Amino acid sequence: MESFLNFKELLNHPYFQPYLVKSIFLLVGGFIIRQSLVIVGQRWANTYHHLGTYLLLPNIAQLITSVIKDDIALSLGMIGALSIVRFRNPVKSPFELVMFFALMSFGIISSVSLALSVLLFFLVLLVIFGIKIADIISKKFKKNIFQFSFGDGNMLYTLEIDSSEPMDDFIDKKSLIHFFKDNKNKIFSYRLVFKNREDLVFFQQSTKEDKRIISVRGDMQS
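Residues numbered from 1 in each chain as written. Predicted model: local features only at pLDDT ≥ 70, side-chain atom pairs only at ≥ 80, totals over all residues. Heavy atoms only, no water.

A. Summary view of the sheet that holds strand β3 (residues 187-194). As summarised here, the arrangement of the four strands in space is β2-β3-β1-β4, forming an open sheet in which the pairing is antiparallel. Whereas interior strands pair on both sides, the edge strands pair on one side only; in this sheet they are β2 (176-182) and β4 (213-219). Each strand axis lies, on average, 10 degrees off the axis of its neighbour in the sheet, ignoring direction. Inspection of the sheet shows β2 paired to β3 by six bridges, in the antiparallel sense. (Pairing = 2+ DSSP bridges. Helix = DSSP H or I, 4+ residues; strand = E, 2+ residues; numbered from the N terminus. Axes fitted to C-alpha atoms, helices over the stretch in contact; angles between N-to-C directions.)

B. Seen up close, the packing of aromatic side chains. Throughout the structure, instances matching the rule amount to seven aromatic pairs. Residues Phe25 and Phe106 carry aromatic rings whose centres are separated by 5.4 Å and whose planes lie at 65 degrees to one another, so their mutual orientation is edge-to-face. Here Phe25 is found in helix α2 (residues 16-39), whereas its partner Phe106 is found in helix α5 (residues 94-110), with 81 residues between them in sequence. What makes Phe106 buried here is its relative accessible area of 2%. (Phe/Tyr/Trp six-rings, centres within 6.5 Å; stacked < 30°, edge-to-face > 60°. Buried < 20%, exposed > 50% of the residue type's maximum accessible area, 1.4 Å probe, protein only.)

C. Region of interest: the packing of helix α3 (residues 48-68) against α5. Where α3 meets α5, the closest approach of the two axes is 7 Å, and the angle between their N-to-C directions is 40 degrees. One finds that α3 runs oblique with respect to α5. Two packed elements cross with a definite hand, and for α3 against α5 that hand is right-handed. Contacts between α3 and α5 involve His50, Thr53, Tyr54, Leu57, Pro58, Ala61, Gln62 and Thr65 from the former and Glu96, Met99, Phe100, Leu103, Met104, Phe106, Gly107, Ile108 and Ser110 from the latter. Here the residues of the contact of α3 with α5 sort into ten nonpolar, six polar and one charged. (Parallel < 35°, antiparallel > 145°, perpendicular 65-115°, else oblique. Left-handed = near helix turned anticlockwise from the far one by under 90°. Contact = heavy atoms within 4.5 Å. Nonpolar A, V, L, I, M, F, W, Y, C, P; charged D, E, K, R; others polar.)

D. How the structure looks around the packing of α5 against helix α6 (residues 114-140). As a packed pair, α5 and α6 sit with axes 7 Å apart at the nearest point and diverge in direction by 160 degrees. In terms of orientation, α5 lies roughly antiparallel with respect to α6. In this structure, the crossing between α5 and α6 has a hand that is left-handed. Across the interface between the two elements, Met99, Ala102, Ser105, Phe106, Ile109 and Ser110 from α5 touch Leu114, Leu116, Ser117, Leu120, Phe121, Val124 and Ile128 from α6. Looking at the contact of α5 with α6 residue by residue, the classes come out as ten nonpolar, three polar and no charged.

E. Molecular detail of the side chain of Ser23. Here Ser23 lies in helix α2. Relative accessible area serves as the criterion here: at 18%, Ser23 is assigned to the buried category.

F. Spatial organisation of the nonpolar core. Counting residues in hydrophobic clusters, the biggest one holds 18 residues, and the most contacted among them are Ile33, Leu37, Trp44, Tyr54, Met99, Val124 and Ile128. In this structure, Val124 is in contact with Ile33, Met99 and Ala102, ignoring residues within four places of it in sequence. Membership of the second largest hydrophobic core comes to 13 residues, among which are Tyr157, Phe188, Tyr190 and Phe194. (Core = buried A, V, L, I, M, F, W, Y, C linked by side-chain atoms within 4.5 Å.)

G. Representation of the environment of Leu159 in the model. Considering the arrangement of structural elements, one finds Leu159 in strand β1 (residues 157-163). Sequence separation between Leu159 and Val193 is 34 residues; the distance between their C-alpha atoms is 6.3 Å. With near-sequence residues (within four places) excluded, Leu159 lies in contact with Tyr190, Arg191, Leu192, Phe194, Leu200, Phe203, Gln204, Val216, Arg217 and Gly218.

H. Looking closely at the pattern of salt bridges. Under the defined criterion, the tally for this structure stands at six salt bridges. Between Glu160 and Arg217 there is a salt bridge, with the nearest N and O atoms lying 2.9 Å from each other. With Glu160 in strand β1 and Arg217 in strand β4, the pair connects residues that are 57 residues apart, well separated along the chain. For Glu160, a relative accessible area of 22% gives the class partly exposed. Members of the salt-bridge network, linked through shared partners, are Glu160, Asp162, Arg191 and Arg217. (Salt bridge = Lys/Arg side-chain N within 4 Å of Asp/Glu carboxyl O.)

I. View of the side chain of Ser189. Along the chain, Ser189 falls in strand β3. What makes Ser189 buried here is its relative accessible area of 15%. Not counting residues within four places of it along the chain, the set of residues in contact with Ser189 comprises Ile161, Asp162, His178, Phe179 and Phe180.

Written as structure tokens, this is what we have:
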């Protein structure tokens, strides 16, 4: 009975309810941001570790900021602790690092102003979906607003084609990332990259009747 009364007092504490509302908002916001990345094709975010990070990191930042904001000594001590317990795993891309920073800022700002935190939340979503929409629109005009890269932390679909003759029509393709020509030994190799399985399969089918092609190797990652 006494423990129940203590819990009831905790619920009625003037500081508890605002933090509870912020924590729920940060949990939901972190989950939506993570799902948004997955929807636009950033498959590196579609893991257990990233889901946990996107749920916990904003709340951790919010609680730490709430504890140390009025205590200079505690703030300095926390800075020292965070410099020791830091991210030791390699960040795969600048965008992934920016997302971690955005999540921390998401939590820190919420401890000061929930309205500004909401603004940051919608700004992140606007950028994530805005880039995807701009990419779709640019493709209708046969333009690309960014290039493919193996170093951006995202999984891609690759197709390697060996041919008996030079395939100069491949050189102008935006999806071509590597080619090798050995005229003396009649070895010609081309590597193309695609953002999804459907594009890879469609391209492979379109070259199926080409007699110059000797072999095709596809890497279709899920």
